[in-house]
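One-letter residues, chain by chain:
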Amino acid sequence: ISEVKGGPDEGLDRLGQKLTVRGWVRTCRAQSSVTFIEVNDGSCLSNMQCVMSSDAEGYDQVEAGTVATGSSILVDGTIVSSQGSKQKVELKVERLQMIGTSDPSSYPIQKKRASREFLRTIAHLRPRTNTFGAVTRVRNALAYATHKFFQENGFVWISSPIITASDCEGAGEQFCVTTLIPSTRESTDCPSNTIPATKDGKIDWSQDFFGKPAFLTVSGQLNAETYASALSDVYTFGPTFRAENSNTSRHLAEFWMIEPELAFADLNDDMACATAYLQYVVKYVLDNCKEDMDFFNTWIEKGIVERLKDVVEKEFVQLTYSDAVEILLKAKKKFEFPVKWGSDLQSEHERYITEDVFAGRPVIIRDYPKEIKAFYMRQNDDGKTVAAMDLLVPRVGELIGGSQREERLEYLESRLEELNLNKDSYWWYLDLRRFGSVPHAGFGLGFERLVQFATGIENIRDAIPFPRAPGSAEF
Ligand code: 4AD
Ligand code: MG
């Protein structure tokens, strides 16, 4: 359908041509002489209006009432110009074939618009709605544009592992992966793959697949750093997992992250890369997903297209953490969480800065206190702050978190000691600083937050096909 309707003439250039459409019936309306069947195949937002008269092959299916909302059909016909105001062309049906029936009375997607909360309970069917079809296509375009941007700029894509022994962010938010060695499964009465405890209540790691605690990764950064220390600029794009107890509209337990790592680079290079990347992918969806973006502009967030055009065209704001704290301390607005140099910015603070102070422009805040940031960030000369940056956008808040990495062995070792982290388990990470260390920097962008930002969808659970959050792992 997109191939016909997506062209500059909305299909008028294809008049008289034969077309086969395979898709799902949105509505079927029988009128005195003809029947109108709206079919959608997911290739675009538009349906194909199929007009069928009683002499067409397969009309008995219409008479029998099987061509119902939710059913799947194949129609062959000719593209003709349409009398209707909603479309330039329609399909004059010559043959209709029923593929899969659907009982309209029990089909969960009814004509009346359903709430997003309800649609989350039918995540297997929600992609058939306009909103989820559009979000899914834009998500796809953002993924494509991501690879295109990095490939065009000489970055090499790295697959970072999903199972890992290290906690990159050190926040203790990892999901543990404990699994019995397959050969020992039969010999225990363990109901699942969990490891049997020894008599003193401890886990018997000798029976574990990995022989020690292993986790789902919270970030591919440490692995990306190893490849950046050999291939120069690299990026990862894969799933990451966090057992955060945050039931918010911006947190998922499973989300996709894009993590470029730039070799021979500092924080300024990192910020420039983040800016160029964001502008590139936003421009890509504005240029290539016009129909879906117009839909979001009308139904999801009024003005989103203009706002995104500004993102592409205007410079991002840059300020230091200390400047941000000054701004917040002077604010007339009352915050729930107190503002104090040294504490992390809360989402109400981030929103105030992007939405109220800088009127919707993306804001990059840099040089955060080292106490609130991860162990790997490079210490600034003041001894108090690190070369970190967060990129904030309106409504979503933190879209990107990044930093220049500590490339000096002695600084990194003393930081690990200060934080009581086990130096031995970071032996390979420290090796990068022993053998040919280079200044390097990178960032992580939460892909679902980018989808939220680009579509206006309010809840992050609607920005991923099958959301994982506390208490929800269905489908
Ligand atoms: O700021 P974070 O924790 O940074 C890192 O993980 C670094 N290792 C990245 C790097 O420098 N390579 O996470 C990066 C981004 C956040 O800015 C946010 O967009 C997203 O990941 N994010 C989440 N998105 C959805 N649900 C969650 N629970 C998220 N936690 C972080
Ligand atoms: Mg962060």
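Calculation criteria
- Numbering of residues starts from 1 in each chain and follows the order in which that chain's sequence is written.
- Chain labels run from A onward and ligand labels from 1 onward, assigned in the order the entries are written.
- The model is predicted, so local features are restricted to residues of pLDDT at least 70 and side-chain atom pairs to those at 80 or more, both for listing and for counting; the totals for chains, interfaces and linings are taken over all residues.
- UniProt positions are given in the numbering used here, feature names are shortened, and annotations may be inferred rather than shown by experiment.
- Boundaries of every domain are those given by an automatic assignment or by a domain database.
- Working definition of a contact: two residues with C-beta atoms, positioned from the backbone, lying within 7 Å.
- In this scheme, strands are said to pair when DSSP sees at least two bridges between them.
- Under the DSSP-based scheme used, a helix requires at least four consecutive residues in state H or I and a strand at least two consecutive residues in state E, with every element numbered from the N terminus.
- Between N-to-C directions, angles span 0 to 180 degrees; the directions come from axes that are lines fitted to C-alpha atoms, helices contributing only their stretch in contact.
- Near residues are defined by distance alone, with the backbone-placed C-beta atom required to lie within 6 Å of the molecule or strand.
- Residues are grouped as follows: nonpolar covers Ala, Val, Leu, Ile, Met, Phe, Trp, Tyr, Cys and Pro; charged covers Asp, Glu, Lys and Arg; every other residue, Gly included, is treated as polar.
- Note on angle classes: values under 35 degrees are labelled roughly parallel, values over 145 roughly antiparallel, values of 65 to 115 roughly perpendicular, and the remainder oblique.
- Here is the rule for handedness: rotate from the far helix to the near one, and if that takes an anticlockwise turn smaller than a right angle the crossing is left-handed, while a clockwise turn gives right-handed.

The protein appears in an unreviewed UniProt entry as asparagine--tRNA ligase from Asparagus officinalis. Under the UniProt heading Catalytic activity (unreviewed entry), the entry covering the protein gives this text: "tRNA(Asn) + L-asparagine + ATP = L-asparaginyl-tRNA(Asn) + AMP + diphosphate + H(+)". Here is the UniProt Sequence similarities (unreviewed entry) comment for the protein, exactly as written: "Belongs to the class-II aminoacyl-tRNA synthetase family."

A. Highlighting the domain arrangement of the protein. Assigned domains of the protein: these are domain 1 (2-100) and domain 2 (133-156 + 273-462). On the domain 2 side, the residues contacting the four residues of domain 1 number five residues.

B. Structural detail: the sheet that holds strand β2 (residues 34-40). Judged by pairing direction, the barrel is mixed, and its five strands sit side by side in the order β1-β2-β3-β5-β4 before closing back on the first. Averaged over neighbouring strand pairs, the angle between their axes works out to 55° when direction is ignored. When β2 meets strand β3 (residues 48-53), the two strands line up antiparallel, connected through six bridges. If you follow Glu-38 over to β3, its bridge partner there is Gln-49.

C. Focus on the site of ligand 1. As a structural note, the neighbourhood of ligand 1 is formed by 24 residues, with Ser-219, Gln-221, Gly-401, Gly-444 and Gly-446 the closest of them. Elements that contribute at least two residues to the shell around ligand 1 include exactly β10 (254-263), β14 (397-404), β15 (440-446) and α14 (447-455). For the shell around ligand 1, the element with the highest residue contribution is β14, accounting for six residues. Its residues assigned to classes, the shell around ligand 1 shows eight nonpolar, nine polar and seven charged.

D. Looking closely at the packing of helix α4 (residues 130-152) against α14. α14 packs onto α4 with a crossing angle of 120° between their chain directions and a minimal axis gap of 10 Å. When the interaxial angle is binned, α4 and α14 end up oblique. The handedness of the crossing between α4 and α14 is right-handed. In contact with Val-135, Val-138, Arg-139 and Leu-142 of α4, α14 contributes Leu-450, Val-451, Ala-454 and Thr-455. Classifying every residue of the contact of α4 with α14 by side-chain character gives six nonpolar, one polar and one charged.

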